[in-house]
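# Structural description and commentary
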Amino acid sequence: MRKITSYYRELLVMTVIFLIEISAIIRANFFYNDDLGRNIEGYTGNAFDSRYMADWASILVNGNSHITDSSPLTQLLACIFLAACVVITAYVFSKGQKFTAMHYVCGTLILSPYFLSNMSYKVDSAFMGLSVCVSVVPFLFRDKKILYYISSVICLLVMCMTYQASSGIYPMMALMLAFLEWNRKDKELKECLMFLLGSAAAYIFSLGFFALFLMKPIEEGYINTSIFGLGDLLGGITGNYKEYYLTVVADFMKNWNILLFSVMLFLFITVVVESGRKKVAAVIGFAVMLVLMLLVVFGVYPAFSLPLILPRSMYGISFFIMICSFAIVSSEAVVANIGKVTVFALAWCFFTFSFTYGNALSQQMKYVDFRTEEVINDLTDLECFLEPGQKRLIIKGDIGLCPALDNYPYDYVLIRKLVPVYLKAGSDEWNSAYFYRYFNLPDVKRAYDVSDISTFTVAQESAYHRILANDQSEIIVELK
């Protein structure tokens, strides 16, 4: 059995594969949401979400407390962390055996389609990748109980203080590993259950410690970390799970859903065929394992009264697909060879989608720049805009996606979700931060309402927008 330290070649190859996969994202050079604020102000901004280690990591990477755009260094680090996660996971499931081409194929599944959103962040991508990596590190010490539990607590706390969306990875890994060891008769049921109970205790202790002593409550904003009351607990959590999984099905293309179902079918056949237990017991064990994994795939988020149901918080499903694929690839059953074909097909679909997405970011940014330039050119010609004093400016409507992306078929749901529109109305900070803060507009203040719409007259109009103004230095830009 090879030692994990001898897998440096596999780590390097997996890192290169991930870099190729996100090359279109890097080439797009796109400031993704929070990047807009951090690039222009230099703040870390993660302690608000109790992600203290994320702030420390950002300062360490930048070599300064003023955060700057250091991409693609951050994205390279994220690729290294993801590659380490893949190598560790493959090592644990294959028991240190030879790393095959299919292991690399399976590894690509963790990046797409949801984690592409995380890799788009120039600043945050590195520690998001770190949170994924540390979640699997304890399983290297699976057979050394004390070291396993100590490393579990430490790594889970690190995960909580970097990016909590990874909170489903550790329990999924434990469940899959315990089931496979029992199914192949490597270990008896009692030993596997004790492993799961110990892992659950470490998990609950770590997250409980974080929640009680380290977490800052977030009661307003895009997420609410308060838990449902006893009367609403079952209904609330059930509703959240329903919304999560309906979102996954809706986000995935039709052929992705078909291939994913095929992967799960071949996983079921594979574990039953190669089982060292009675077939009925194997079927029941698989069903229990699958249900439990689907319950923890999104971590603790389904228990929140207002969970974060966005691609960047749902990559637990990508890890779930990856370890299910690893279970097929690690099998010696003949039927697993057919399963490998479906795994490869799904991985290829995700792999090619990453290039589509990266290029979509580039096309959209060109369109945003063009529409922004059109508005600013017309604004600077207005007499009221040239006068001294503060101007209150409000944006109405939005530019939407560029024509190329807007013409994508319905199946490309994730493109519409993942690609931001940086010139539109709304209270979201990033809707028009690029317009207001990146072009040094003189004495312009962002407004959300006006005093009296009847006082406005049309000051400028083009095929793309209409500009209205009044005597109180208020300006409305209506996008077409």
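Look a little higher up for the structure.
Computed from a prediction, not measured in an experiment: that's the story for all the values here.

### Re helix H12 (residues 233-251)
With 19 residues, H12 extends 27 Å from end C-alpha to end C-alpha; this agrees with the ideal 27 Å at 1.5 Å per step. For H12, the secondary structure elements touched by its buried residues are helix H14 (279-296), strand S2 (304-306), helix H15 (316-329) and helix H19 (413-418).

### Let's talk about unusual backbone geometry
Cis geometry is found at the peptide bond from Ser71 to Pro72, where omega equals 5°. On the secondary structure map, Pro72 appears in the loop between helix H4 (52-62) and helix H5 (73-94). Omega for the bond connecting Ser112 with Pro113 falls within 30 degrees of zero, at -5°, which places this linkage in the cis form. Tracing the backbone through its elements, the reader meets Pro113 in the loop between helix H6 (101-108) and helix H7 (115-119). For Asn440, which is not glycine, the phi torsion reads 55° and is therefore positive. With respect to the helices, strands and loops of the structure, Asn440 is situated in the loop between helix H20 (433-437) and strand S4 (444-446).

### Some remarks on the pattern of salt bridges
In the structure shown here, the tally under the stated rule is 15 salt bridges. Residues Glu478 and Arg466 are paired through a salt bridge, measuring 2.9 Å at the closest nitrogen-oxygen approach. With Glu478 in strand S7 (residues 474-479) and Arg466 in strand S6 (residues 465-469), the pair connects residues that are 12 residues apart, well separated along the chain. Taken together, the shared-partner salt bridges connect Glu41, Glu429, Arg437 and Arg446 into one network.

### A few points about the packing of aromatic side chains
Within the structure shown, the criterion is met by 36 aromatic pairs. Ring geometry for Phe252 versus Trp256: centroids 5.6 Å apart, planes at 80°, classification edge-to-face. Of the aromatic side chains, those joined through ring pairs into one cluster are Phe139, Tyr148, Tyr149, Tyr170, Phe195 and Tyr203. Over the ring of Phe195 we find Arg142; its NZ or CZ atom is 3.8 Å from the centre of that ring. The side chain of Lys391 reaches across the aromatic face of Phe385, ending 5.6 Å from its centre.

### Details of the packing of helix H1 (residues 8-21) against H6
Across the interface, H1 lies against H6 with an axial gap of 10 Å and an inter-helix angle of 45°. Compared by their axis directions, H1 and H6 come out oblique. The two elements H1 and H6 meet at a crossing, and its hand is right-handed. On H6, the residues that touch Glu10, Val13, Met14, Ile17, Phe18 and Glu21 of H1 are Tyr104, Gly107 and Thr108. Grouping the amino acids of the contact of H1 with H6 by side-chain chemistry returns five nonpolar, two polar and two charged.

### With respect to the environment of Val291
In this structure, Val291 sits in helix H14. Here Val291 falls in the partly exposed class, since its relative accessible area comes to 48%.

### Remarks on the sheet that holds S4
The strand order across the open sheet formed by five strands is S4-S3-S7-S6-S5, and the pairing between neighbours is mixed. Of all strands in the sheet, those bounded by a partner on one side alone are S4 and strand S5 (457-461). The sheet shows a mean angle of 30° between the axes of neighbouring strands, direction not considered. Direction of pairing for strand S3 (residues 391-396) relative to S7: parallel, over a ladder of five bridges. Paired with Lys396 across the strands is Glu478, a residue of S7. Taken strand by strand, helix H16 (residues 335-379) contacts S3, S5, S6 and S7, and its axis lies near 35° from that of S6.

### Side note on the pairing of S7
Look at any regular strand and the pattern is simple: side chains alternate between the two faces of the sheet. In terms of burial, S7 is a largely internal element, five of the six residues being buried. One ladder, built from five bridges, connects S6 with S7; its direction is antiparallel. Its bridge partner being in S7, Ala469 is matched across the sheet by Ile475. With antiparallel pairing between neighbouring strands as the criterion, S6 and S7 make up a hairpin whose turn holds four residues, including Ser473 at a positive phi of roughly 60°.

### Quick word on the packing of H5 against helix H10 (residues 169-183)
One way to put it is that H5 packs onto H10 with a least axis distance of 10 Å and a crossing angle of 20°. Put simply, H5 runs roughly parallel to H10. Read as a crossing pair, H5 and H10 show a hand that is right-handed. Residues Thr89, Val92 and Phe93 of H5 touch H10, and the partners they reach there are Met173, Met176, Leu177 and Leu180. A breakdown of the residues in the contact of H5 with H10 according to their chemical character gives six nonpolar, one polar and no charged.

### Observations regarding the pairing of S5
Relative to S6, S5 is paired through four bridges, and the arrangement is antiparallel. Across the sheet, Gln460 pairs through a bridge with Ile467, a residue of S6. Taking the residues that link successive antiparallel strands as the turn, the S5-S6 hairpin has three residues.

### Structural notes on the layout of surface pockets
Within this model, the largest pocket holds a volume of roughly 850 Å³. Of all the secondary-structure elements, those providing two or more residues to the lining of the largest pocket are helix H3 (34-41), helix H8 (125-134) and H19.

Criteria and thresholds
- Residues numbered from 1 in each chain as written.
- Predicted model: local features only at pLDDT ≥ 70, side-chain atom pairs only at ≥ 80, totals over all residues.
- Heavy atoms only, no water.
- Helix = DSSP H or I, 4+ residues; strand = E, 2+ residues; numbered from the N terminus.
- Expected span 1.5 Å × (residues − 1).
- Contact = heavy atoms within 4.5 Å.
- Salt bridge = Lys/Arg side-chain N within 4 Å of Asp/Glu carboxyl O.
- Phe/Tyr/Trp six-rings, centres within 6.5 Å; stacked < 30°, edge-to-face > 60°.
- Lys NZ or Arg CZ within 6 Å of the ring centre and 35° of its normal.
- Axes fitted to C-alpha atoms, helices over the stretch in contact; angles between N-to-C directions.
- Parallel < 35°, antiparallel > 145°, perpendicular 65-115°, else oblique.
- Left-handed = near helix turned anticlockwise from the far one by under 90°.
- Nonpolar A, V, L, I, M, F, W, Y, C, P; charged D, E, K, R; others polar.
- Buried < 20%, exposed > 50% of the residue type's maximum accessible area, 1.4 Å probe, protein only.
- Pairing = 2+ DSSP bridges.
- 1 Å grid on protein atoms, 1.4 Å probe; cavity = no way out; pocket = protein on both sides within 12 Å on 5 of 7 lines; lining within 4 Å.
- Points joined across faces, edges and corners; volume = space filled by probe spheres on them.

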